[in-house]
Amino acid sequence: MPDIVTVIRRKRDGHELSGTEIDWVIEAFTHGVVSDAQMSALAMAVWFRGMSRAETARWTTAMIDSGRRLDFSALGLRTVDKHSTGGVGDKITLPLAPLVAACGVAVPQLSGRGLGHTGGTLDKLEAIPGWNADLSTAEMAEILTDPAVGAVVCAASADLAPADRKLYALRDVTGTVESIPLIASSIMSKKIAEGTGALVLDVKVGSGAFMKELGEARELARTMVELGADEGLHTTALLTRMDSPLGRTAGNALEVREAVEVLAGGGPDDVVELTVALAREMLEAAGVDDVDPADRLRDGTAMDRWNAMIAAQGGDPSAPLPVATHTETVHADADGVLSELDAYAVGIAAWRLGAGRERQGQDVQPGAGVELHAVLGDRIRAGQPVATLHTDTPGRIPDALAALREGVRISDTAPARQPLVIERIRA
């Protein structure tokens, strides 16, 4: 029988843990035999020493086996999910899920809430009056099999990879979040346990992402794709740029409004581009090649699915969205080209305005956030509006302004245009 002190020492000293050691640690931690302090020490040892592919795969399987696995195969549906590693203004799930459903593939998506400068999909959807994130498996199945809906976005239940839930809370407060094996196993344990038939990963890279460097993002993507393949889950990944915010909004209700614009056939070009690119990837993963998702945006079918999806979870898609009580507009101080619009700075500004949270469980302001009136490469004149800050707490505005100004630069030279989708990774 392994013991936790020996396991910690072995990993600290750079040894590869055996499958038996990993299985025992995850089970013992889940049931409180291994303390939070001991698991934190092991997580730090992993942060320093890393894990092999075999260790990471076994760690992921053990976390899956700490709870139950969902299984939608009996529904007779083709299913596919998407996971994003998180960014600023990343509202892509909102138009994407109903769009893919409109193309004939069911989307069972378990999502999370935001923490820090990156927003959470559930926070965004909870800005819609009446919308409910907490569904049972039976309720999910009912929505997925409804021919008028076919997509569900909800919170994961407590018995889905519970070891990951406990470990993530520790990693967040012990400086061990940025470990590629731990990130990959955390994401993939939940996604594999979710029971989807295929998975597409949107791995962000840039200033507003957790992975700042392309090499790190590529390693994370490859690790997750391999973990999916090890479990028999068809998995692909797109590396996508996150140096500037996606779209023109960062904040919960603001992003819902922008997502609806996309579903109505408009919206910012980059949000439309990435939504369609991920939809095509998801359809290919599900074995569908006879429909173009761009057509479903144009003909209104995706909007119909959105309305049905929101209503199926108790929301009112026609209800007015929350609006912040205070706004302040930032104006350009010179003529020129918007040569820098840093995603991290915009995300911090939105967080400081109340759109995000400092710790799990904290409330957010649904109407808070940053609305952009210019995007990277736009030519602007002195005095022209660049952004509007939204909040219910005007005392938050000075700190948000300070963050935003750190990330905005006007110069004489336009930045080189960079592709939004950088690379595609398959097993």
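On a predicted model such as this, the values are computed, not experimentally measured, just so you know.

Thresholds applied
Residues numbered from 1 in each chain as written. Predicted model: local features only at pLDDT ≥ 70, side-chain atom pairs only at ≥ 80, totals over all residues. Heavy atoms only, no water. Helix = DSSP H or I, 4+ residues; strand = E, 2+ residues; numbered from the N terminus. Rg over C-alpha atoms; globule rule 2.2 N^0.38 Å. Buried < 20%, exposed > 50% of the residue type's maximum accessible area, 1.4 Å probe, protein only. UniProt positions renumbered as here; feature names shortened; annotations may be inferred. Domains from an automatic or database assignment. Contact = heavy atoms within 4.5 Å. Buried area = accessible area lost by both parts, 1.4 Å probe. Pairing = 2+ DSSP bridges. Axes fitted to C-alpha atoms, helices over the stretch in contact; angles between N-to-C directions. Expected span 1.5 Å × (residues − 1). Arc of directions from axis to C-beta. Left-handed = near helix turned anticlockwise from the far one by under 90°. Core = buried A, V, L, I, M, F, W, Y, C linked by side-chain atoms within 4.5 Å. Salt bridge = Lys/Arg side-chain N within 4 Å of Asp/Glu carboxyl O.

Student: Report on the overall build of the chain, specifying residues and quantitative values.
Tutor: In terms of regular secondary structure, the chain is built from 16 helices and 13 strands. For a compact globule of 427 residues, the expected C-alpha radius of gyration is about 22 Å, and the chain comes in at 22 Å, within 12% of that figure. Dimensions of the chain along its principal axes, counting C-alpha atoms only, are 70 × 45 × 35 Å. When the 427 residues of the chain are sorted by exposure, 55% land in the buried category.

Student: Can you lay out the UniProt feature "domain: Pyrimidine nucleoside phosphorylase C-terminal" (unreviewed entry) in the chain for me, pointing to particular residues and giving the numbers?
Tutor: Summarizing the sequence annotation, UniProt attributes the feature "domain: Pyrimidine nucleoside phosphorylase C-terminal" (unreviewed entry) to residues 337-411 in the numbering used throughout. For residues 337-411, helix accounts for 31% and strand for 29%, while the C-alpha atoms at its two ends are 5 Å apart.

Student: Describe the domain arrangement of the chain, with residues and values.
Tutor: For the chain, the domain assignment lists domain 1 (4-49), domain 2 (73-319) and domain 3 (326-411). In this structure, domain 2 and domain 3 have C-alpha centres spaced 25 Å apart. Domain 2 puts 25 residues into the contact, and the matching count from domain 3 is 30 residues. Carbon and sulfur atoms make up 54% of the surface buried where domain 2 meets domain 3, a total of about 1900 Å² over both sides.

Student: Could you give me a rundown of the sheet that holds strand β13 (residues 421-426), with the residues and numbers involved?
Tutor: Spatial strand order, β1-β4-β5-β13: 4 strands in an open sheet with mixed pairing. Edge positions in the sheet fall to β1 (81-84) and β13, since each has one partner strand and no second. Across the sheet, the mean angle from the axis of one strand to that of its neighbour is 20°, orientation sign disregarded. Judged from the 8 bridges that link them, strand β4 (residues 198-205) and strand β5 (residues 234-241) form a sheet pairing that is parallel. Across the sheet, Leu 201 pairs through a bridge with Ala 237, a residue of β5. Contacting β4, β5 and β13, helix α10 (residues 214-230) runs over the sheet at an angle of about 165° to β5.

Student: Could you give me a rundown of helix α4 (residues 53-65), with the residues and numbers involved?
Tutor: Between its first and last C-alpha atoms α4 spans 18 Å; for 13 residues at 1.5 Å apiece the expected length is 18 Å, and the two agree. Taken residue by residue, α4 has Glu 55, Thr 56, Ala 57, Trp 59, Thr 60, Ala 62, Met 63 and Ile 64 as its buried positions. Lining the buried residues of α4 we find α1 (4-12), α2 (19-30), α3 (36-49), α8 (162-173), α9 (180-193) and α10.

Student: So what's going on with α1? Which residues, and what values?
Tutor: Listing the buried residues of α1 in full gives Ile 4, Val 7, Ile 8 and Lys 11. What you see down the axis of α1 is that its buried residues fit within an arc of 100°, all on one side. Lining the buried residues of α1 we find α2, α3 and α4. Following α1 by one or two positions, Gly 14 adopts a phi angle in the positive range, close to 90°.

Student: Could you give an account of the pairing of strand β3 (residues 151-155), with specific residues and numbers?
Tutor: β3 sits mainly inside the fold: 5 of its 5 residues count as buried. Covered by surrounding structure in β3 are Ala 151, Val 153 and Ala 155 together with Val 152 and Cys 154, the residues of both alternating faces. In terms of strand pairing, strand β2 (residues 107-111) meets β3 through 5 bridges, oriented parallel. Each bridged residue has a counterpart across the sheet, and for Gln 109 the counterpart in β3 is Val 153.

Student: An account of the sheet that holds strand β11 (residues 385-391) is needed here, citing residue identities and associated values.
Tutor: Pairing is antiparallel across the open sheet formed by 4 strands, whose spatial order is β6-β9-β11-β7. Because the sheet does not close on itself, it has two edges, and the strands there are β6 (249-250) and β7 (326-331). Inspection of the sheet shows β6 paired to strand β9 (residues 369-372) by 2 bridges, in the antiparallel sense. The residue of β9 that forms the bridge with Ala 250 is Val 370.

Student: Lay out the packing of α2 against α3 with the relevant residues and their values.
Tutor: For the pair α2 and α3, the least separation of the axes is 10 Å and the interaxial angle reads 145°. Once α2 is placed against α3, the crossing between them reads as left-handed. On the side of α2, the interface is formed by Val 25, Ile 26 and Phe 29, while α3 contributes Asp 36, Met 39 and Leu 42.

Student: Explain the nonpolar core to me, and be specific about the residues and the numbers.
Tutor: Of all hydrophobic cores here, the largest spans 110 residues; its most connected members are Val 100, Met 188, Val 203, Trp 306 and Val 370. The leading source of residues in this core is helix α12 (residues 269-285), at 8 residues. Two domains share this core, each providing at least three of its residues, namely domain 2 (73-319) and domain 3 (326-411). Contact partners of Trp 306, with chain neighbours within four places excluded, come to Leu 94, Pro 98, Leu 125, Ile 128, Val 256, Val 260 and Leu 263.

Student: Describe in detail the pattern of salt bridges, supporting the description with residues and values.
Tutor: Opposite charge on two side chains makes pairing possible when the charged atoms of those side chains draw close. Under the defined criterion, the tally for this structure stands at 27 salt bridges. The salt bridge involving Lys 124 is made with Glu 255; its shortest N-O contact spans 3.1 Å. Of this pair, Lys 124 sits in helix α6 (residues 121-125) while Glu 255 sits in helix α11 (residues 252-263), and the two are 131 residues apart along the sequence. Like Lys 124, the residue Glu 255 is buried in the burial classification. Residues joined in a network through salt bridges with shared partners are Glu 281, Glu 284, Arg 424 and Arg 426.

Student: Outline unusual backbone geometry, supporting the account with residue identities and numerical values.
Tutor: Its identity as a non-glycine residue notwithstanding, Ala 161 has a phi of 45°, on the positive side. Tracing the chain through its elements places Ala 161 in the loop between β3 and α8. Since its relative accessible area comes to 1%, Ala 161 is described here as buried.

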